[in-house]
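Tertiary structure, described
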Amino acid sequence: MNAHHTPPVAALELDSVSFIHRGHTLLKPTTLRLAGCQRTLIMGPNGAGKSLLMRLAHGLLTPTNGTVRWQGEPPPQAMVFQRPVLLRRSALDNLTFVLAINKTPRPELKGLSRKAQAMSALEKFGLPHLARRPARVLSGGEQQRLALARAWLLNPQVLFLDEPTSALDPAAIKAVEDAVLEFHHSGTRIVMTTHDLHQARRLANDVLFLHNGELLEHTLANDFFKAPASRDAEAFIRGELVW
Amino acid sequence: MKKVTAFITVGALGLTFSGTLMAADDYITLASTTSTENSGLFDAIIPTFTEETGIEVRVVAVGTGQAFEIGRRGDADSLLVHDTAGEEQFVADGYATERLDVMYNDFVIVGPSADPASIRDSDTATDAMQRIAESESPFASRGDDSGTNRAELRLWEDAGVTPQGEWYRELGSGMGPTLNTAAGMDAYTFTDRATWVAFKNPQDLTLLFDGDEALFNQYGSLLLSKERHPHLKHDLAAQWHQWLVSEQGQQAIADYEVDAQQLFFPNAE
Amino acid sequence: MLTSDNAFSTALALILNMDDALISIVVLSLQVSLMAVFIASLMALPLGAALALWRFPGRNVVIVALNALMGLPPVVAGLCVYLLLSRAGPLGEWGLLFTPTAMVIAQVILVLPIIAALTRQQVEALHGEYAEQLNSLGLTRSRMIPTLLWDARFALLTVILAGFGRASAEVGAVMIVGGNIDGVTRVMTTSIVLETSKGNLPMALGLGIILLTLVTMINAIAHVIGETAKRRLG
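Residues numbered from 1 in each chain as written. Chains lettered and ligands numbered in written order. Predicted model: local features only at pLDDT ≥ 70, side-chain atom pairs only at ≥ 80, totals over all residues.

**Topic: the overall build of chain A**
Operational definition: Strands here mean DSSP runs of E at least two residues long; helices mean DSSP runs of H or I at least four residues long; both are numbered from the N terminus. To sort residues by exposure, count the other C-beta atoms lying within 10 Å of each residue's C-beta; 20 or more gives buried, 12 or fewer gives exposed, and values between give partly exposed, all with C-beta atoms placed from the backbone.
Counting its regular elements, chain A contains eight helices and nine strands. Taking all 243 residues of chain A together, the buried fraction comes to 42%.

**What to know about the overall build of chain B**
The criterion, for reference: Residues are scored as being in contact if the C-beta atoms we place from backbone atoms lie within 7 Å.
Each helix and strand in chain B was counted, giving 11 helices and 12 strands. A burial count over chain B gives 48% of its 269 residues as buried. Within chain B, contacts between residues separated by at least 24 positions form 77% of all contacts whose residues are at least 6 apart in sequence.

**As for the arrangement of the chains**
Interchain contacts are distributed over two pairs of chains, and the most extensive set of them lies between chains B and C. The two units chain A and chain B never meet; even their closest C-alpha atoms stay 16 Å apart.

**A short note on the nonpolar core**
Applicable threshold: Joining buried Ala, Val, Leu, Ile, Met, Phe, Trp, Tyr and Cys residues through C-beta atoms within 7 Å gives a set, and that set is a nonpolar core. Throughout, the edges of the domains are those of an automatic or database domain assignment.
With 204 residues, the main nonpolar core has Leu-95 and Ala-149 of chain A together with Ala-106, Val-111, Ile-115 and Val-177 of chain C as its most contacted residues. At 19 residues, helix α5 (residues 100–136) of chain C tops the list of elements feeding residues into this core. The residue makeup of this core includes at least three contributed by each of domain 1 (6–104 + 216–266) and domain 2 (106–215) of chain B. Not counting chain neighbours up to four residues away, the residues in contact with Ala-106 of chain C comprise Ala-77, Gly-78, Val-81, Ala-173, Val-174 and Val-177 of chain C.

**A closer look at helix α6 (residues 141–151) of chain C**
All names here are of chain C. Filter applied, for reference: The arc in question is the one spanned by the directions pointing from the helix axis to the C-beta atoms.
For α6, the full list of buried residues reads Met-144, Ile-145, Leu-148 and Asp-151. When α6 is viewed along its axis, its buried side chains cluster within an angular range of 145° and face the same direction. Residues of α6 that are exposed and point over 90 degrees away from its buried face: Ser-142 and Pro-146.

**Quick look at the packing of helix α2 (residues 20–53) of chain C against α6 of chain C**
Residue and element names in this part refer to chain C. In plain terms, the rule: Between N-to-C directions, angles cover 0 to 180 degrees, with each direction set by a line fitted to C-alpha atoms, over the stretch in contact for helices. Angular relationships are summarised with four words: roughly parallel below 35 degrees, roughly antiparallel beyond 145, roughly perpendicular across 65 to 115, and oblique for the angles in between. In a left-handed crossing the near helix is turned counterclockwise from the far helix by less than a right angle, and in a right-handed crossing that turn is clockwise.
Running from N to C, α2 and α6 cross one another at 120°; their axes reach a closest spacing of 10 Å. When the axes of α2 and α6 are compared, the pair comes out oblique. The way α2 lies across α6 gives a crossing that is right-handed. Along its contact with α2, which presents Leu-45, Pro-46, Ala-49, Ala-50 and Leu-53, the element α6 presents Arg-141, Met-144, Ile-145, Leu-148 and Leu-149.

**Here's the deal with the interface of chain B and chain C**
Inclusion rule: For this classification, Asp, Glu, Lys and Arg are treated as charged, while Ala, Val, Leu, Ile, Met, Phe, Trp, Tyr, Cys and Pro are nonpolar and the rest, including Gly, are polar.
The interface is formed by 29 residues belonging to chain B together with 27 residues belonging to chain C. Mapped onto the side of chain B that touches chain C, the elements with two or more residues apiece are α1 (2–18), α2 (34–39), β2 (56–62) and α8 (175–185) of chain B. Here the side of chain B that touches chain C gets five residues from one element, more than from any other, and that element is α1 of chain B. Its residues assigned to classes, the side of chain B that touches chain C comprises 12 nonpolar, 13 polar and four charged.

**Some remarks on the interface of chain C and chain A**
On the side of chain A, 17 residues touch chain C, which itself brings 13 residues to the contact. Taken together, the residues that form the side of chain C that touches chain A break down as four nonpolar, five polar and four charged.

**Some thoughts on the confidence of the model for chain B**
Residue and element names in this part refer to chain B. Cut-off, in case you're wondering: pLDDT measures how confident the predictor is about each residue, on a scale from 0 to 100.
Taken as a whole, chain B shows an average pLDDT of 90; of its residues, 91% reach a score of 70 or greater. Of the regions scoring below 50 in pLDDT, residues 20–24 engages in one contact with residues more than four places distant in sequence or in other chains. Here the complex is predicted with pTM 0.87, and the ipTM for its interfaces comes to 0.89.

**Regarding the sheet that holds strand β4 (residues 65–70) of chain A**
All names here are of chain A. Just so we agree on the cut-off: Pairs of strands are assigned from DSSP output, requiring at least two bridges between the strands.
Strand order in the open sheet made by the three strands is β2-β1-β4, with antiparallel pairing throughout. Taken across any chain shown, the strands that pair with only one partner, and hence form the sheet edges, are β2 (24–34) and β4. Shown here is a sheet whose adjacent strand axes are inclined to one another by a mean of 20°, direction ignored. Both strand β1 (residues 12–21) and β4 contribute to a ladder of five bridges, which runs antiparallel. Residue pairing across strands places Ser-18 opposite Asn-65, the latter belonging to β4. Packed on one face of the sheet, helix α1 (residues 50–58) meets β1, β2 and β4 and runs near 125° to β1.

**Overview of the packing of α5 of chain C against α6 of chain C**
All names here are of chain C. With their axes 10 Å apart at the nearest point, α5 and α6 run at an angle of 125° to one another. Relative to α6, the element α5 is oriented oblique. Of the two elements, α5 crosses α6, and the hand of that crossing is right-handed. In contact with Val-123, Leu-126, His-127, Tyr-130 and Leu-134 of α5, α6 contributes Met-144, Leu-148, Leu-149 and Asp-151. For the contact of α5 with α6, the per-class residue count stands at seven nonpolar, one polar and one charged.

**Some thoughts on the environment of Asp-127 of chain B**
Of note, Asp-127 of chain B is situated in helix α6 (residues 125–135). A sequence separation of 44 residues divides Asp-127 of chain B from Asp-83 of chain B, and the C-alpha atoms of the two residues are 23 Å apart.

**Concerning the sheet that holds strand β8 (residues 206–211) of chain A**
Residue and element names in this part refer to chain A. The strand order β5-β6-β7-β3-β8-β9 describes an open sheet built from six strands, whose pairing is mixed. Looking at strand neighbours, the two that pair on one side only are β5 (77–80) and β9 (214–220), the edges of this open sheet. Recorded for the sheet is a direction-independent mean angle of 15° between the axes of neighbouring strands. Where strand β6 (residues 158–162) lies against strand β7 (residues 189–194), five bridges are found, and the strand directions are parallel. Paired with Leu-159 across the bridge in β7 is Ile-190. Across the sheet, helix α5 (residues 170–185) touches β3 (39–43), β6 and β7, and the angle it forms with β7 is around 150°.

**A few points about the pairing of β7 of chain A**
Residues and elements named next belong to chain A. The test is simple: Handedness of a crossover is defined as follows: with both strands directed away from the viewer, a clockwise route from the first strand across the helix to the second makes it right-handed.
By the criterion of burial, β7 is predominantly enclosed, with six of the six residues buried. Pairing of β3 with β7, which is carried by five bridges, proceeds in the parallel orientation. Within β7, the position partnered with Ile-42 by the bridge is Thr-193. Chirality of the crossover, the property in question, places the unit of β6, α5 and β7 among those that are right-handed.

**Re the domain arrangement of chain B**
Residues and elements named next belong to chain B. Assigned domains of chain B: these are domain 1 (6–104 + 216–266) and domain 2 (106–215). Between domain 1 and domain 2, the C-alpha centre-to-centre distance is 27 Å. Each partner contributes residues to the interface: domain 1 has 20 residues there, and domain 2 has 21 residues. Contributing elements (two or more residues each) for the side of domain 1 that touches domain 2: α2, α4 (64–73) and β9 (216–224).

**Topic: the pairing of β9 of chain A**
Residue and element names in this part refer to chain A. In this structure, β8 lies alongside β9, joined through six bridges in antiparallel fashion. Directly across from His-211, in β9, lies its bridge partner Glu-214. The hairpin turn running from β8 into β9, its antiparallel successor, is two residues long, and Asn-212 in that turn takes a positive phi close to 55°.

**With respect to the confidence of the model for chain A**
The predicted model of chain A averages 89 in pLDDT, with 96% of residues at 70 or higher. Taken as a whole, residues 1–5 of chain A scores under 50 in pLDDT and shows 12 contacts with residues more than four places along the chain or in a different chain.

**Focus on the environment of Gly-249 of chain B**
Residues and elements named next belong to chain B. Among the structural elements, Gly-249 can be located in helix α11 (residues 247–255). Sequence separation of Gly-249 and His-231 is 18 residues, and the distance between their C-alpha atoms is 26 Å. Sequence-distant contacts of Gly-249, defined by excluding residues within four places in its chain, comprise Trp-243 and Leu-244.

Have a look at this one:
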């Protein structure tokens, strides 16, 4: 899928990035480059360091060693977490909140009032009837879609998602995956972690495979699933490697 | 619901802020003692003064020791206390320019009606105090360096007694709380008559001894020094000071009664 | 003899007769305490939030000190303010001693630590929950303060009520800095002390009942507002 963004999404480079906490090496020195507008899925068993790698890439954590570098200006990014963090306000107000902070609207929404922009985002993600509802009483799937709507309004070039569907039922999972594809379709690079193989097969263009804090593989999705290079990856695909 | 919330909030804030508007009337701050306050004297005579002069008198009622401290610090415009020796010292130290006799009453000794120390039979105040000490009957002392307390301690001295022991209880309190405590522990105590007459919780306490000259309790008004504290309202305070010893003031004092008893006896020169 | 009967019937009689003196005492009590809580909150809410969000050397010392000041004896606070505002003191020029303003100042000192310390605790907990998401959205810590305070509003309402409870219940501070002057600085608590010292116990208790009723009413109103808002907004 070619990027529809002009200019193209800046590339992200990690150079020997490692993370040590209280004497434990949680991520071994890792070097990788993410370029182009892909859907990158980060996979691995629990405790492999997937979430950690994401947070380092997004800038929520500072590496102990090594550097995280964008080629050019760091682009606008957004992140969606496993459990959506919503404010004690209505769904609509959660959206107008980010519009108040982030003053660069999506080009197609330019000129609209904040409320109108927020409503448009709600419609896009199938939530307009919940505008006035307190965000915290929405179902898990609805909350996650609201989080995505919020991310949408930030007009991100890169969207990070940390196991966004692991707490959801199948219908909700599908809705979230469709939303992710929608993001990608409009030119946002996706970087997402999952432990669900089937989800990875559905969504991935390329795959990063981690185990025990080490990046073992970075290949195209098709290649990874057909012929994984490492034994750990092989075991993982067979469903044998849980942690 | 939103409207109700808004109404309540506005109301609360309005209530809160309206208090900041304080009328700047003509007034003086008078530091006086709890005994005069508790007796209700001020409620009776101040309105008369205010009507005549238009000056409000704001009474801060504290122990005599604290009243002197307030005067020294320049926080009050005038003083009305009952510790002649202390007042004279105050003038000598330069904090006041004048001290005048205003009124007197007397101290009395109250105690449990059973009177275990038999002070009813005493002829003199010192004899009564000696009997209490010898019988080691519970005695509640104010212990707060007030005029009353100083008078009580002078009596112990005259009686040749150093009051100490489990029976002598120093409370560090005003007259009212001391009476409350004495009533609660069935103890003797030394009080001014005015507070006693106006006191509403005597329980088993009754008046057991009075009448000795040694129990004379003189009240004096102090005119504070302009030099020491130039910022005070000396002119207004002087009017109050003069009024107390004037015919109207003295009459107002004499007219004040509780339960048909006159509590203060004017004796200005 | 003091029985609960006379106390309640005295209280009732007081309320029904509602003379001007009593009304002005009640109004002044509310003015002083509400004003003190208002001013203290304005300072303490952002202070508590900032303390929750920023790490700096000596932070733990500040937190412990703030927590300890929650237990500051009112009479000590009153004494300190007295020494400050007395003519012989550094701020004597302002002539604030024995005025309701002095009482508000003393109560602000008493209430501020409570609101700040408890706000810190609430905001810190909330921050733990929200930090990653808010950082991801690009909020600076300064910008987070109003967001977190508003999000914690229901818990903070209780915190503010705790501050109000402390202010309206205390007598040591207002007695010293206010002087319990009839018609000027006499509030409910100092009236109760005065009536007690006169031995007028039913009256004292009656005033106490009125004070309790007033404080309860305010708490009830706040509770209703809070619950209604909660229901409408999860």
